Amino acid sequence: MTATTVSTEKPAGGGLKLRIKGQLQQSLAFTALIVIVIFFSFASPNFLTFSNFTAILFSTVVIGTLAIGVTFVIITAGIDLSLGTGMSLCAVMSGVFIVNWHMPLFAGVLLAILFGGLIGFINGFNVAILKIPPFIATLAMMLVAEGLALVISQSTPIYFDKVPAFSAISTGNLISGVKFPNAVLILIAVAIIAGVILNKSVLGRYTYSIGSNEEATALSGVNVRKWLIVVYTFGGLFIGLAGVLISARLGSAQPALGSGYELQAIAAVVIGGTSLFGGKGTILGTMIGALIMSVLTNGLQVISVPQEWQNVVLGVVILAAVYTDNIRRKGTKA
Amino acid sequence: MSSKLLEIKGISKSFPGVKALKDVSIDLSHGEILGLCGENGAGKSTMMKLLTGIYKADEGGEILVEGKIVDVNNPREAQDLGINIIHQEFNLVPDLTVAQNIYLGREPKKLRRLFIDDRALYAQTKELLDRLQINIDPRAYVGKLLVAGQQLVEIAKALSFDSRILVMDEPTATLTDSEVQTLFTLVRNFVTDKTGVIYISHRMDEIKDLTDRVSVLRDGAYVGTVDTARTPIREVIAMMVGREITSDLRPELREHKTQTVLEVRGLSTLSLLKDVNFDLQEGEILGFAGLIGAGRTEVARALVGADHKSAGVIKMHGEEVSISNPADAMAAGLGYLSEDRKRYGLLLDQDVSANLSLSSLKRFSNSAGLVNKRAIAKAAEEQVAGLRIRTPSIRQAAQNLSGGNQQKVVIGRWLTRDCDVLIFDEPTRGIDVGAKEEIYDLLNELAKRGKSIIMISSELPEVLRMSHRVVVMSEGRITGILTAGEATQESVMHLATLSRVKPLGDRVEPGMSDNEEARPTGINGDEEAGAK
């Protein structure tokens, strides 16, 4: 028998280069994070303190949660613009369930999270079955959710004064003695769970597969429509969770605070190296991206850069991130 | 009972306006490798798509596996019957690993089927690859494999199903010779007395090497089946091209102008083209013939800067020009008319005048950048009249014109632009017979007016009829340049089916002698570099 050994991998040099390129974005983001932290540490003595450190983590929670969910969607080469207002709607629903309907805390929270899943399910249905482009489908959902949040709450916040346990979800300290908010622990926990699901589960595998080559995936016998709906629904759960976390932090369900969060979350995902063209991305990258966003915001505040300029800086960072994504895409295609 | 492994009886397939297959019957015995040959568009791929349920056959014919009539509605059902196809294009997911690709949709699962049992996945992939003696790391990402490696993954995937019938559609198009040998070993090992292979290829030497019998299709009809060992290649080619040339028209003679307009030297691209050299003279129609994937369109795209060149010099009127995008090409006087008019040629929902003026808007606008609609309308009316474009008005949207008239609009755009060299890629594709004649007349007239024309066409009779000279390509190289007198169906097909490494021994074709420089030389080593 002839041994049929063929060199099938690109020559070592090229292979290594490509592998480095593949991880470039993520390590680049990580390096950027370190650089930014060092910069602000020198710029202001108030930056590198434990209280500011927890403040940064605390402010990462909402964007981080949204970003984790939308990472799955973006890896399928989709997008979700309804994150922000969807979160408002879920926040309002948590108020409705817990305050207006006097549901037990646990049930109310669970239903609010599931409500996010419902938003995702509808997005997924519109994308996978009705074949509406993700951008349009979720843009429409963004408007619907924005309107519904105002209608249901009659444009007034719902306060959780009588349910102090609710606020503790975000602001309590599970680890006694240390001022480390629960919300941060929750974020870390869901990030780990999401990471495992993305890497080890059937859902995760098909998420990558659909985003990388939808047609080949379908030809391999995978029910692409079904799995797209599953992915959007799964991503939606994080919208619900974010809604709960932000209401718990504020002690009230604010019907109009969510809009704008979707773009920050998507920016975090992209900065973290997830390709808007699908097939590539990690939860770790997304977390780094979210941290970069909040470190920048926090640091710029600490060194007293006016709000207007903070946005300019964020915008430039997003441009730089997408540009690196483009270069990376070209690199792997060659 | 000695029923055949596979019998296809009297299968036909019509598409709107075209009969792609007419009453074709072929059969495959147990343990056999059957070659399937035919020119571009002969119906090979349609045939295989019917077999795997991608298309549905017309009423009347039947497909039998092991003597039983089967009804295949989708690729999954074909797989269940043990029929697997390796497509010409890859169906792999670049961002997944080899193992993840091979068992995509069939992953071993654990924990209530929610999670993938990666250990089992990689173990069974390793076992499969070992059994097939394919040396690829199951954990390598497919997108990072060379094309040849991807091809092997595709093959391993097909073999990982319990295939009885394996269909391979041009599987070697991207492989180097040692890899082809690997593939052949795999195919031969696959064949037992329970299985069979249908091998589609236009490389005659491979057909000769690998197959037991060869079935030939031509223009959607079955021509015949011959025993490979006892039939010379020449005879198979004759079966493939055997159709009568519908007209014996030859290219219109041209007065001898020897002015060279375009010189191309050493044109190469990373992906395909290798050292392409040719000249184009004033008033000449230079035909480009070759099979699909030979690199004809790639030459055009590289010429006009639509694809990146890795090497090569282009001279217009003796002066070197630097072309890095189609706008440069246009400025240098090179116009390219794409093979896919609807995608690359026309603004379908815009009107005729907008399409005609698209490439020369600058000429029709004033210094403030405002467009002079009246001037455009006047020029458009002139072109419509001159080219005999049949349209109710220049305000008609391009999508409402017939294929022939759409093509004329595209031609008109480049005439408005006044290019010296026009590259026509499949100028008559999708155009009915009558309109084809008009396009031919138009090309001849353009040539007579001194335009130089490159005509890429997959229709050999068209090339023979129109071209003053014929460039034949195979696998990214020019394998010969024939004058109108030397070019015949047989000589062109012979050059078009040459593989790169065959010794030049049996090539005693006319026209080769004056084309030393275009011969493939130094062939072997640079394949890997090219694939990156």
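Residues numbered from 1 in each chain as written. Chains lettered and ligands numbered in written order. Predicted model: local features only at pLDDT ≥ 70, side-chain atom pairs only at ≥ 80, totals over all residues.

## Quick word on the overall build of chain A
Then, number 1: When you go through chain A residue by residue, the secondary structure sums to 13 helices and two strands.
Then, number 2: By the burial criterion, 49% of the 334 residues in chain A qualify as buried.
Then, number 3: Summarising the internal contacts of chain A: among those between residues at least 6 apart in sequence, 79% fall at separations of at least 24. (Helix = DSSP H or I, 4+ residues; strand = E, 2+ residues; numbered from the N terminus. Buried ≥ 20, exposed ≤ 12 C-beta atoms within 10 Å, placed from the backbone. Contact = placed C-beta atoms within 7 Å.)

## Re the overall build of chain B
Then, number 1: Counting secondary structure elements, chain B contains 18 helices and 22 strands.
Then, number 2: Residue burial in chain B is summarised as follows: out of 532 residues, 47% are buried.
Then, number 3: Sequence-distant contacts in chain B: of pairs separated by 6 or more residues, those separated by 24 or more amount to 67%.

## Some details on the pairing of strand β6 (residues 83-86) of chain B
All names here are of chain B.
Then, number 1: Both faces of β6 are covered, namely the face carrying Ile-83 and Ile-85 and the face carrying Asn-84 and Ile-86.
Then, number 2: Where β6 lies against strand β9 (residues 165-169), four bridges are found, and the strand directions are parallel. Looking across to β9, one finds that Ile-86 is bridged to Met-168. (Pairing = 2+ DSSP bridges.)

## Describing the packing of helix α4 (residues 105-128) of chain A against helix α5 (residues 134-153) of chain A
Residues and elements named next belong to chain A.
Then, number 1: Where α4 meets α5, the closest approach of the two axes is 9 Å, and the angle between their N-to-C directions is 145 degrees. Read as a crossing pair, α4 and α5 show a hand that is right-handed. Contacts from Ile-119, Ile-122, Asn-123, Asn-126 and Val-127 in α4 reach Pro-134, Ala-137, Thr-138, Met-141 and Ala-145 in α5.
Then, number 2: Its residues assigned to classes, the contact of α4 with α5 comprises seven nonpolar, three polar and no charged. (Axes fitted to C-alpha atoms, helices over the stretch in contact; angles between N-to-C directions. Left-handed = near helix turned anticlockwise from the far one by under 90°. Nonpolar A, V, L, I, M, F, W, Y, C, P; charged D, E, K, R; others polar.)

## Details of the sheet that holds strand β16 (residues 311-316) of chain B
All names here are of chain B.
Then, number 1: Pairing is antiparallel across the open sheet formed by four strands, whose spatial order is β14-β13-β16-β17. Sheet topology places β14 (276-281) and β17 (319-321) at the edges, where each strand pairs with a single neighbour. Across the sheet, the axes of successive neighbouring strands diverge by a mean angle of 20 degrees, strand direction being ignored.
Then, number 2: Pairing analysis gives five bridges linking strand β13 (residues 260-268) to β16, with the strands arranged antiparallel. Across the sheet, residue Ser-268 finds its bridge partner in β16, namely Ala-311.

## Quick notes on the sheet that holds strand β22 (residues 477-483) of chain B
Note on sheets: strands pair through backbone hydrogen bonds, and any given pair is parallel or antiparallel.
Residue and element names in this part refer to chain B.
Then, number 1: Taken in spatial order, the six strands make up an open sheet running β18-β19-β20-β15-β21-β22, and their pairing is mixed. Only two strands of the sheet have a single partner each, and these edge strands are β18 (334-337) and β22. In this sheet, adjacent strand axes meet at a mean angle of 20 degrees when their direction is disregarded.
Then, number 2: Bridge analysis of strand β19 (residues 421-425) against strand β20 (residues 452-456) gives five bridges, and the strand direction is parallel. By the bridge assignment, Phe-424 is partnered in β20 with Met-455.
Then, number 3: Each of β18 and β19 is contacted by helix α14 (residues 403-417), which is oriented at about 170 degrees to β18, the strand it contacts most.
Then, number 4: The strands touched by helix α17 (residues 489-496) within the sheet are β15 (285-290), β21 (469-474) and β22, with β21 carrying the most contacts at an inclination of about 30 degrees.

## A look at the domain arrangement of chain B
Interface size, as often reported, equals the accessible area lost upon joining of the parts.
Then, number 1: For chain B, the domain assignment lists domain 1 (6-241) and domain 2 (260-525).
Then, number 2: Here domain 1 of chain B and domain 2 of chain B have C-alpha centroids that lie 34 Å from each other. (Domains from an automatic or database assignment.)

## Topic: the confidence of the model for chain B
As a general rule, the predicted coordinates of low-pLDDT regions are not to be interpreted in detail.
Residues and elements named next belong to chain B.
Then, number 1: Taken over all residues, the pLDDT of chain B has a mean of 81, while the share at 70 or more is 86%.
Then, number 2: Considering each helix and strand of chain B separately, the mean pLDDT is smallest for helix α18 (residues 527-531), with a value of 37, and largest for helix α3 (residues 98-102), with 93.
Then, number 3: Counted against residues more than four places away or in other chains, residues 501-532, with its pLDDT under 50, gives 36 contacts.
Then, number 4: Quick note on the complex model: pTM equals 0.71, ipTM equals 0.79. (pLDDT = per-residue confidence, 0-100.)

## Re the environment of Leu-174 of chain A
Then, number 1: Within the secondary structure layout, Leu-174 of chain A lies in the loop between α6 (164-171) and α7 (182-200).
Then, number 2: Aside from chain neighbours lying at most four places away, what touches Leu-174 of chain A is Asn-182 and Leu-185 of chain A.

## Points about the nonpolar core
Then, number 1: Membership of the largest hydrophobic core comes to 238 residues, with the highest contact counts inside it found for Leu-66, Leu-245 and Ala-265 of chain A together with Ile-423, Ile-454 and Val-492 of chain B.
Then, number 2: The biggest single contributor to this core is helix α10 (residues 224-250) of chain A, with 16 residues.
Then, number 3: Mapping this core onto the domain boundaries places at least three of its residues in each of domain 1 (6-241) and domain 2 (260-525) of chain B.
Then, number 4: Ala-265 of chain A has contacts with Ile-63, Leu-66, Ala-67, Val-70 and Leu-83 of chain A, leaving out every residue within four places of it along the chain. (Core = buried A, V, L, I, M, F, W, Y, C linked by C-beta atoms within 7 Å.)

## Comments concerning the pairing of strand β3 (residues 33-37) of chain B
Put simply, side chains in a regular strand alternate between the two faces of the sheet.
Residue and element names in this part refer to chain B.
Then, number 1: Across the five residues of β3, five count as buried, placing the element largely inside the fold.
Then, number 2: The alternating pattern of β3 places Ile-33, Gly-35 and Cys-37 and Leu-34 and Leu-36 on opposite faces, both of which are buried.
Then, number 3: Relative to strand β10 (residues 196-200), β3 runs parallel, the two sharing four bridges. Among the inter-strand pairings, Leu-34 is bridged to a residue of β10, identified as Ile-198.
Then, number 4: Pairing analysis gives four bridges linking β3 to strand β11 (residues 213-218), with the strands arranged parallel. Across the sheet, residue Leu-34 finds its bridge partner in β11, namely Arg-213.

## Some points on helix α8 (residues 233-241) of chain B
Then, number 1: Within the span of α8 of chain B, buried status applies to Val-236, Ile-237, Met-239 and Met-240 of chain B. All buried residues of α8 of chain B project into a common sector of 155 degrees when viewed along the axis, lining one side. (Arc of directions from axis to C-beta.)

## Overview of the environment of Thr-65 of chain A
All names here are of chain A.
Then, number 1: Tracing the backbone through its elements, the reader meets Thr-65 in helix α2 (residues 50-75).
Then, number 2: Remark: the alpha-carbon pair of Thr-65 and Ala-242, spanning 177 residues in sequence, is separated by 5.9 Å.
Then, number 3: Dropping the residues within four chain positions of it, Thr-65 is found in contact with Leu-187, Val-190, Phe-238, Leu-241, Ala-242 and Leu-245.

## Overview of helix α3 (residues 83-100) of chain A
Residue and element names in this part refer to chain A.
Then, number 1: The end-to-end C-alpha distance of α3, which contains 18 residues, comes to 24 Å, matching closely the 26 Å that a straight helix rising 1.5 Å per residue would cover.
Then, number 2: In terms of residue burial, α3 counts as a mostly covered element, since 15 of its 18 residues are buried.
Then, number 3: In the segment just after α3, His-102 is the residue with positive phi, at about 55 degrees. (Expected span 1.5 Å × (residues − 1).)

## Regarding the packing of α3 of chain A against α10 of chain A
Residue and element names in this part refer to chain A.
Then, number 1: Packing of α3 against α10 leaves a shortest axis separation of 7 Å and a crossing angle of 60 degrees. Classified by the interaxial angle, the pair formed by α3 and α10 is oblique. Crossing of α3 against α10: the hand is right-handed. Contacts between α3 and α10 involve Leu-83, Gly-86, Met-87, Cys-90, Ala-91, Ser-94 and Gly-95 on the former and, on the latter, Ile-239, Gly-240, Ala-242, Gly-243, Val-244, Ile-246 and Ser-247.
Then, number 2: Within the contact of α3 with α10, the residues separate by chemical class into eight nonpolar, six polar and no charged. (Parallel < 35°, antiparallel > 145°, perpendicular 65-115°, else oblique.)

## Let's talk about unusual backbone geometry
Then, number 1: A positive phi is found at Arg-113 of chain B, a non-glycine position, where the angle reads about 65 degrees.
Then, number 2: In this structure, Arg-113 of chain B sits in the loop between β7 (109-110) and β8 (115-116).

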